[in-house]
Amino acid sequence: MAKRVIAVVTAGLATAAIGLSFTSVAGAAPESSAANPAGLKLIKTKTSLLGKHYWYQQTFKGLPVLNGYYAKHVTTSGAVQIADGRDAVPANLDVTAKVPSATATKSANAAVSARAARARIAGPEKDVTPSPTATDGAAQLAVIGGPDARLVWNVTSRSAQGVTRSLVDAKSGSVVESKVISDHADGRGIVFDPNPVVSERDEKLTDQDDANTDELFPAHKNVILRNLAGNGKLEGTYVTVVKAKGGLAESPNNQFLYYRDDDRFEQVMAYYQVNQTQEYIHSLGFTEVNNESQDFEINTYNGDNSFYDPSKDVITMGEGGVDDGEDAEVIWHEYGHAIQDDVVPGYGESLQAGAIGEGFGDYWAVTMSVPVSRNFDLPCVMDWDATSYTSTEPHCLRRTDTGKTTDDIVGQVHDDGEIWSNALWDIHKALGRNKANKVILEGTFFYAPDTSFADAARVTVQAARLLYGKATAAKVTEAFQARKIL
């Protein structure tokens, strides 16, 4: 039947025809099915100032009818208004799928990935960072009503374009529809990637008080800023710049094109580099690793330091020496702390846990720089930031290849962190970047807030064994043994 609104008792309430998800909502208030048409599933009850609102999903033979809904609005006086948005479905529609869910998911993801790739190529400038392939969520059988009624697989995918819903014909396997259902926008920005020392392969570069010198100008890179909220600010799915020296960057058309002599440049750096991080983490299959919009305060601390505040879940970037926000490895290091705090509530309650945190932050900075650093002294951490406080070359705050073992523990988290980062870097070299990071992130989920080197190593080995088997676990064990952790 055509979608329509029926006012059973005029109650003065406006009703709107909207589509609903078919996911059940826990705690929905009970409502007598006898008072409603057949084939409805109560999914949500809401209370407003004027009464209660009961929302139902239309179903057919137990399957949700996409965008088919029925709503009952009951005022405090007892008046009832009905919003009927059900679609007609032939009674003889067969709901037996011929195409397996895995096949449908693969077809949907292929279509999404191809469209995302076409969109990137068609842009005004090609971005050198590869677009992540689509990753799937749950595939569920559903029914499309109306004149083209059919059985479909409803597949959700995540790609560089956001979250996409694809409908795949469960009989033929053809992709019926594929559309982005998340709200975001793309913009453009200028960044260092990861920093001038690395991109220009030049240890002689110096800050010169934020001057946009001829030597530093080539390090600027024009990039796509994905997953923006589209509100003209550096606010998006994974990053929000909440405070900044000189005020927040704003652009009505999402063009955040600043060079390093403009304080807004570091705001763009934070947004771009953290968004890149989360897209990478999602490409590994993780959807619950700091999967939120991380707050940043940029250039609001005048010392040469940056830090993550777990009490507020905010990362603050300092501006002493080289502005910390100009070096992506500083951003990635601090974001590493946010990752661990998200995965393990209250993390860092022991000295060794703190050292693991610092070591992981250094390692995360290095592994994130791998795709863009062209193998330029990868173990050197924060090459650009360190030019303001080191006199020897290469300029490094710390390294992930010092060779330290537990024999070198001194009871200082940054120094002892080099033991842990060296172990992770050895795992990275033994397994390859993606495989190593899957193991390392998965192992983090099993950390205790006050974990030790040995305990954290054991659960990392366990993660390697469960994910990839005994041979991989043996390589991970060897890396920890080399540091005398195990």
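Above this text you will find the structure in question.
All values derive from a computational prediction rather than experimental measurement.

(A) Representation of the packing of aromatic side chains in the model. Applying the stated rule across the entire model yields 11 aromatic pairs. When the ring of W420 is compared with that of F453, the centres are 5.9 Å apart and the planes differ by 5°; the resulting orientation is stacked. On the criterion of sequence distance, the pair formed by W420 in helix α6 (residues 413–431) and F453 in helix α8 (residues 453–468) is long-range, its members being 33 residues apart. The class of W420 is buried, set by a relative accessible area of 0%. It is R433 that lies over the ring of Y280; its NZ or CZ is 3.9 Å from the centre. The ring of Y468 carries K435 above its face, with NZ or CZ at 4.8 Å from the centroid.

(B) Molecular detail of the packing of α8 against helix α9 (residues 470–482). At their nearest, the axes of α8 and α9 sit 7 Å apart, and the two run at 160° to each other. Comparing the axis directions of α8 and α9 gives the class roughly antiparallel. Note on packing geometry: the crossing formed by α8 with α9 is right-handed. Only K470, T472, A473, V476, T477 and F480 of α9 make contact with α8, whose side of the interface consists of A457, T460, V461, A464, R465 and Y468. In terms of residue class, the contact of α8 with α9 is built from seven nonpolar, three polar and two charged.

(C) Broad picture of the environment of A338. Within the secondary structure, A338 sits in helix α4 (residues 328–343). Of the residues examined, A338 reaches a relative accessible area of 1% and is grouped as buried. For the pair A338 and G357, spaced 19 residues apart in the sequence, the C-alpha separation amounts to 9.8 Å. Not counting chain neighbours up to four residues away, the residues in contact with A338 comprise N290, Q294, Y308 and I315.

(D) Fine view of the state of the cysteines. Scanning the model with the defined rule gives one disulfide in all. Across the disulfide from C380 sits C396; the S-S distance is 2.1 Å. Because the sign of the S-S torsion sets the handedness, a value of about -120° for the bond joining C380 and C396 places this disulfide among the left-handed ones. Here C380, found in strand β17 (residues 380–381), pairs with C396, found in the loop between β17 and β18 (398–399); they are 16 residues apart in sequence, far enough to count as distant. Residue classification places C380 among the buried positions, given a relative accessible area of 1%.

(E) Local environment of the side chain of D210. Take D210: it is sitting in the loop between α2 (196–199) and β11 (221–228). Setting aside anything within four residues of it in sequence, one finds D210 in contact with R260, D261, D263, D323 and E326.

(F) View of the sheet that holds strand β14 (residues 294–301). With respect to topology, four strands assemble into an open sheet ordered β12-β14-β16-β15, the strand pairing being mixed. Since the sheet does not close on itself, it has two edges, and those belong to β12 (239–244) and β15 (307–309), each with one partner. With direction set aside, neighbouring strand axes in the sheet form an average angle of 25°. Relative to β14, β12 is paired through five bridges, and the arrangement is parallel. Its bridge partner being in β14, T240 is matched across the sheet by D295.

(G) Structural detail: unusual backbone geometry. The amide bond that connects D193 to the next residue, P194, takes the cis arrangement and shows omega of 0°. Along the chain, P194 falls in the loop between β10 (185–191) and α2. Looking along the chain, the bond that leaves E393 and enters P394 is cis, with omega of 0°. Mapped onto the elements, P394 comes out in the loop between β17 and β18. Backbone geometry places N254, a non-glycine residue, at a positive phi of 60°. With respect to the element layout, N254 can be found in the loop between β12 and β13 (255–256). Relative accessible area serves as the criterion here: at 8%, N254 is assigned to the buried category. Located in the positive-phi region is M382, a residue other than glycine, with phi close to 65°. Mapped onto the secondary structure, M382 falls in the loop between β17 and β18. Since its relative accessible area comes to 5%, M382 is described here as buried.

Reading the values: the criteria
Residues numbered from 1 in each chain as written. Predicted model: local features only at pLDDT ≥ 70, side-chain atom pairs only at ≥ 80, totals over all residues. Heavy atoms only, no water. Phe/Tyr/Trp six-rings, centres within 6.5 Å; stacked < 30°, edge-to-face > 60°. Helix = DSSP H or I, 4+ residues; strand = E, 2+ residues; numbered from the N terminus. Buried < 20%, exposed > 50% of the residue type's maximum accessible area, 1.4 Å probe, protein only. Lys NZ or Arg CZ within 6 Å of the ring centre and 35° of its normal. Axes fitted to C-alpha atoms, helices over the stretch in contact; angles between N-to-C directions. Parallel < 35°, antiparallel > 145°, perpendicular 65-115°, else oblique. Left-handed = near helix turned anticlockwise from the far one by under 90°. Contact = heavy atoms within 4.5 Å. Nonpolar A, V, L, I, M, F, W, Y, C, P; charged D, E, K, R; others polar. Disulfide = S-S within 2.5 Å. Pairing = 2+ DSSP bridges.

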